[in-house]
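Structural overview
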Amino acid sequence: MEAHENGKLSQNETALYDRQIRLWGFEAQNRLKSSRLLLLGICGLGAEVAKNIVLSGIKSITIVDSKKVTEDDFGSQFFAARSMLGQNRATASVERLQKLNPNVQVVVNDEYPSVNDMDVEFLSGFDVVCATGCSRSQLQTLNDKCRQAGRKMLAGDVFGFHGYAFFDLLEHDYLTEVKEAVKNEASSQSADHHESGPTEAKRRKEETAKETETKTVENKMTFASFEESFSLADKDKLQKTCEGYFVSNSEY
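Residues numbered from 1 in each chain as written. Predicted model: local features only at pLDDT ≥ 70, side-chain atom pairs only at ≥ 80, totals over all residues. Heavy atoms only, no water.

1. Concerning the environment of Met153
The condition is simple: By the criteria applied, helices consist of DSSP H or I runs no shorter than four residues and strands consist of E runs no shorter than two, each listed in order from the N terminus. We call two residues contacting when some pair of their heavy atoms lies within 4.5 Å.
Mapped onto the elements of the fold, Met153 is located in strand S5 (residues 152-159). The spatial distance from the C-alpha of Met153 to the C-alpha of Leu142 is 8.6 Å, given a sequence separation of 11 residues. If near-sequence neighbours (up to four positions away) are discounted, Met153 is found in contact with Val129, Leu139, Leu142, Asn143, Cys146, Phe166, Phe167 and Asp168.

Quick look at the structure:
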């Protein structure tokens, strides 16, 4: 399945991604096709992330995971075969992951055994960094470097029935539609020639309320860094904080 020379979707790709294109359109799909993601950790959660990303039609996914496949992985990590027991978890996952979508480049990077070893230049080679199975100190370091590189970062983990998710998209521009009431001058002027009273006033109010117009408003959302997310100035807020905060705030 080769893409057109201009980088747009080929006919085969359009047919393959038909369902999701109907959801978010050609422009979004083309942006996906040119995006590169770095996945840190391909445990149970990481495997689910990798599956969805590869099926979506991203350009490439690079996996970094220095851990080896254990018996525990077979309960949630569905890419590593049992014959891969004791081997590197990222390498053991490539074959099955690649079969999901041959259009996507699936790469394993073993140059960085730890998150702390990654430099800004390396992170700059990706559009999005997604981290799983990292400690708070590792996420802090990673987020600082991602911000230096100007790259978006996502992080999360699951612990039984509990889990957490962190999103730092730096700045996000988006549009919202706002409906505003528009006074119906014609109806108001016409109504002035009729006898006024409670019934007439109610009718004019209803006619005026029906006249609305939709305007598109530009918005900007600025995301907090990982360090800022844990800055609780008011200790009373701890009583209202969900369990995910304490899970992600612990060193494990």
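Back to the write-up after that little detour.
2. Focus: the confidence of the model for the chain
Note the threshold: Residue-level confidence of the predictor is what pLDDT reports, using numbers from 0 through 100.
On average, residues of the chain score 84 in pLDDT, and 79% of them reach the 70 mark or higher. Between residues 1-6, whose pLDDT stays under 50, and residues either more than four places distant or in other chains, the model counts 11 contacts.

3. Thoughts on the side chain of Ser60
Our working definition: Each residue is placed in one exposure class: buried if its accessible area under a 1.4 Å probe, protein chains only, is under 20% of its type's maximum, exposed if it is over 50%, and partly exposed if it falls in between.
Mapped onto the elements of the fold, Ser60 is located in strand S2 (residues 60-64). The exposure class assigned to Ser60 is buried, which follows from its relative accessible area of 8%.

4. Considerations on the nonpolar core
Put simply, the rule reads: Here, nonpolar core refers to any group of buried Ala, Val, Leu, Ile, Met, Phe, Trp, Tyr and Cys residues whose side-chain atoms link them within 4.5 Å.
Counting 22 residues, the largest nonpolar core has Leu38, Leu40, Met118, Leu123, Leu139 and Leu142 as its most contacted members. Those elements that provide at least two residues to this core are strand S1 (36-40), helix H5 (120-123), strand S4 (128-132), helix H6 (136-149), S5 and strand S6 (162-168). Considering each element in turn, this core owes the most residues, 4 residues, to H6. Those residues in contact with Met118 that lie beyond four places of it in its chain are Leu38, Leu40, Val64, Tyr112, Leu123 and Lys145.

5. Considering the pattern of salt bridges
Note the threshold: By salt bridge we mean one thing: a side-chain nitrogen of Lys or Arg within 4 Å of a carboxyl oxygen of Asp or Glu.
Applying the stated criterion to the full structure yields 12 salt bridges. Arg36 is the partner of Asp127 in a salt bridge, and the nearest nitrogen-oxygen pair spans 3.4 Å. Of this pair, Asp127 sits in the loop between H5 and S4 while Arg36 sits in strand S1, and the two are 91 residues apart along the sequence. On the basis of relative accessibility, which here comes to 27%, the residue Asp127 falls in the partly exposed class. Salt bridges linked by common partners bring Asp65, Asp73 and Arg89 together as one network.

6. Topic: unusual backbone geometry
The backbone of Leu170 shows a phi angle near 60 degrees, a positive value even though the residue is not glycine. Of note, Leu170 is situated in the loop between S6 and strand S7 (171-181).

7. Quick notes on the side chain of Ser93
Relative to the elements of secondary structure, Ser93 occurs in helix H4 (residues 89-100). Residue class for Ser93 comes out buried when judged on its relative accessible area of 0%.

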